[in-house]
Structures are given as structure tokens and as C-alpha cells.
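An overview of the molecular structure
One letter stands for each residue in the lines below.
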Amino acid sequence: MESRLRLLELKCRRPVEHLLVGEYRSVFRGQGVEFEDVRPYQPGDDVRTMDWKVTARTGTPHIKRYIEEREQFIYLLVDVSASMLEGAGGRKRATMAELGSLITMAAVGNGDRVGLVLFTDQIELLIPPGKGRQHGLRIMEALVGFKPVGRQTAFSDVFARFGHLARKRSVAFVISDFLAGDYLEEMSSLALRHDLNAVNLLEVDGLESVDEELVRLEDAESGEVRFVDLGRKKASEDRHHETLQEQMMERGVSLMEVGVGEDCVSALAGFFRSRQRRLADETGG
């Protein structure tokens, strides 16, 4: 495990330092300023910052002091159900771990706090937000090697837990294949209070190389074995893909779609740039 973790860190470090931290910083800025305290008014202070309640209570003019809010809270909400960990011969988990590690290292490099929630149909692991390399490595180790109890996916518990955990506006990445369907209402609610980003992992190959139209498949989460018409399965997956895009757009959730085995650095950098362009269009900048 230690050698795998070390190799993953080495693989991610250079692209993070030379590309992703800058892209990340341009997209996920702090929320401006936050209140710090009050102090007595001094000649030359901006009267617009006057705290009239404290002034009235004390009889002495006081102003509010603010500090620039730079530090952010970043959360990874990662689906570790059987379809994610066993899909595509384990390559889906490898892609998930690399993506999560790149985001973690970019956030750590920017001085932000990063937290992790691993879930199936229950909360499997919670790592509260923290800073620094060692904390980042703890998250990466869980992404690489954690073994969950559950096999199926349910989003309701993780979104409810995140709603209680993240008291202030935070940035969240939900990494899943979104095969379960219980996420729309909760994501809509969370997107009103947080910067919500969905990362959909796609199995872009696999079944395409099979000649037969009808094959025997085992559902990774339920264990159910059944015969599947590949033509209908492909059409169903296409509809799911299109529907997911529409659902996320309607709810103000940024959607990133990554094929299993795809270049995660390019995919993540492209996602950051597309978000930046959209932000510029919205603000007229």
C-alpha cells in the first residue's frame, strides 16, 4: 500500500505543481471577505463600515473590521460501491483514485482544507477537512485502498450528512457513476448553498468488443445474474448520459465526465477551464 501511495503521489505531483494548482486557484476563489471584529472609530475610517448597534450600545463610534477570506473547504464525496470499485476490471477505481488525488493535492497546494466522505448505501468513512501534505496523503490512501462494507449505492445519506457537516459555503466534488437514482432532490437543495460539482465516471469500452448481442452479466452491486441485450444496454447508457447532463444543468451543478482510463490531468484541466469560461460569461468578465 505504501509503495502504491508513493507512486500515486509522484504521478500527481508534477501536473499539480505545474498546471492544476493555477487552474484550480483561478476557478475556486475564496468568498471575498468575512467579519473579524469591531474597534473604535478613528479619523479617516470609512463610515460605511460603522457598526451602529455597538455604537449605540457603548456610546462610542465603532466600525466593523473585515479580513479577506482565502481559505476554502473542499469535500470529496466518493461512491465506493461495487460498480465503482470492481467496474472495468478495477480501472474505474484507479481513475477515481487519481482524480480524487489530483483534486486533493491541488487544494492542499492552494492552502485549502480538504475532507473526504466515502459512501455506499451508508457512510463508510469520514475524514474531516484538514490541511497539509500528511492530511492529503491520508485521503489518497483511503481512495486507493479502503474496503467498504456495503456494495450498493444510495446518495440520500451522504448528502444529508454533508448538509450537516458543511456549515459554511463549500466546494464539493461528487465522484460516482450515478447509476442510482436518488440524488436529484438532494443535489438541487445542496447546489443552492454550495458549489457542487458532479464527476461522472464512464466505462467507454468493455462491452463494445463483444460480438454476441445477448450476453450473461452479473450486476456488481446486487449480484444478480441475467442476460442482457447489448444493443439495448448501449442505448440505455446513452439515454442515461444525456439525461444526467440535462439534470445537472437544470440544477446548477457543474458536470465533469471522465472515461475510465482517460488522461485525468487533461480532463480536470479542461473542466477547470470550462468553468472559468462560464464564470467569465456570467459576470461579463
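Data block above holds the structure.
Our subject in this report is the structure included herewith. (Residues numbered from 1 in each chain as written. Predicted model: local features only at pLDDT ≥ 70, side-chain atom pairs only at ≥ 80, totals over all residues. Heavy atoms only, no water.)

Attention now moves to the overall build of the protein chain. A count of helical and extended segments in the protein chain gives 9 helices and 10 strands. Of all 285 residues assigned to the protein chain, the portion counted as buried reaches 43%. Contacts in the protein chain between residues far apart in sequence, at least 24 positions, make up 74% of those at least 6 positions apart. As presented, the protein chain carries roughly 15200 Å² of accessible surface, and 50% of it is formed by carbon and sulfur atoms. (Helix = DSSP H or I, 4+ residues; strand = E, 2+ residues; numbered from the N terminus. Buried < 20%, exposed > 50% of the residue type's maximum accessible area, 1.4 Å probe, protein only. Contact = heavy atoms within 4.5 Å. Areas by Shrake-Rupley, 256 points an atom, 1.4 Å probe, with all protein chains shown as cover.)

So, about the pattern of salt bridges. Counting across every chain of the model gives 10 salt bridges. Put simply, glutamate 9 and arginine 13 hold a salt bridge, and the shortest N to O gap is 3.3 Å. Of this pair, glutamate 9 and arginine 13 are both found in helix H1 (residues 2-27), 4 residues apart, which corresponds to roughly one turn of the helix. Each member of the salt-bridge network shares a partner with another, and the members are Arg6, Glu9, Arg13 and Arg133. (Salt bridge = Lys/Arg side-chain N within 4 Å of Asp/Glu carboxyl O.)

To continue, consider the sheet that holds strand S6 (residues 171-176). If you walk across this open sheet you meet the 6 strands as S5-S4-S3-S6-S7-S10, and the pairing is mixed. If you trace the sheet from one side to the other, it starts and ends with strand S5 (123-130) and strand S10 (254-259), each paired once. In this sheet, adjacent strand axes meet at a mean angle of 15° when their direction is disregarded. In the sheet, strand S3 (residues 73-79) pairs with strand S4 (residues 113-119) via 7 bridges, with the strands oriented parallel. Residue valine 78 lies in a different strand from S4, and its bridge partner there is leucine 118. (Pairing = 2+ DSSP bridges. Axes fitted to C-alpha atoms, helices over the stretch in contact; angles between N-to-C directions.)

On to unusual backbone geometry, then. Phi at alanine 88 takes a positive value of approximately 55°, unusual for a residue other than glycine. For alanine 88, the position within the fold is in the loop between helix H3 (82-85) and helix H4 (91-109). Positive phi, close to 50°, is recorded for phenylalanine 178, a residue that is not glycine. Here phenylalanine 178 shows up in the loop between S6 and helix H7 (184-193).

The subject of this paragraph is helix H5 (residues 133-145). End to end, H5 covers 18 Å across 13 residues, agreeing with the expected 18 Å (1.5 Å per residue, within 8%). Residues of H5 that are buried include every one of His135, Gly136, Leu137, Ile139, Met140, Ala142, Leu143 and Val144, and no others. Its buried side turned inward, H5 meets H1, S3, H4, S4 and S5. (Expected span 1.5 Å × (residues − 1).)

Right, let's get into the pairing of S4. Of all 7 residues in S4, 6 are buried; the element is thus mostly enclosed. As defined by bridge partners, S4 adjoins S5 across 5 bridges and the pair is classed as antiparallel. Bridging from a neighbouring strand, valine 114 pairs with glycine 130 of S5. Between the end of S4 and the start of S5, which pair antiparallel, lie 3 residues.

Turning our eyes to something else, we now look at the environment of glycine 259. With respect to the element layout, glycine 259 can be found in strand S10. Classification of glycine 259 as buried rests on a relative accessible area of 7%. Distance in space between the C-alpha atoms of glycine 259 and leucine 202 is 4.6 Å, their sequence separation being 57 residues. With near-sequence residues (within four places) excluded, glycine 259 lies in contact with Thr95, Leu202 and Val204.

Position of arginine 275 relative to the elements: it lies in helix H9 (residues 264-283). A residue is classified by how much of its surface remains accessible, and arginine 275, at 12% relative accessible area, is buried. The contact partners of arginine 275, leaving out residues within four places of it in the chain, are Val27, Phe28, Asp195, Asn197 and Ser254.

Another point: the state of the cysteines. Inspection of every chain in the model, using the stated rule, returns 0 disulfides. With no disulfide of its own, cysteine 12 has cysteine 264 as its nearest cysteine by sulfur position, at a separation of 8.2 Å. (Disulfide = S-S within 2.5 Å.)

As a further point, take the side chain of serine 170. Within the element layout of this structure, serine 170 appears in the loop between helix H6 (155-165) and S6. Relative accessible area serves as the criterion here: at 3%, serine 170 is assigned to the buried category. Contacts of serine 170, omitting those with residues within four sequence positions, involve Phe73, Tyr75, His194 and Asp195.

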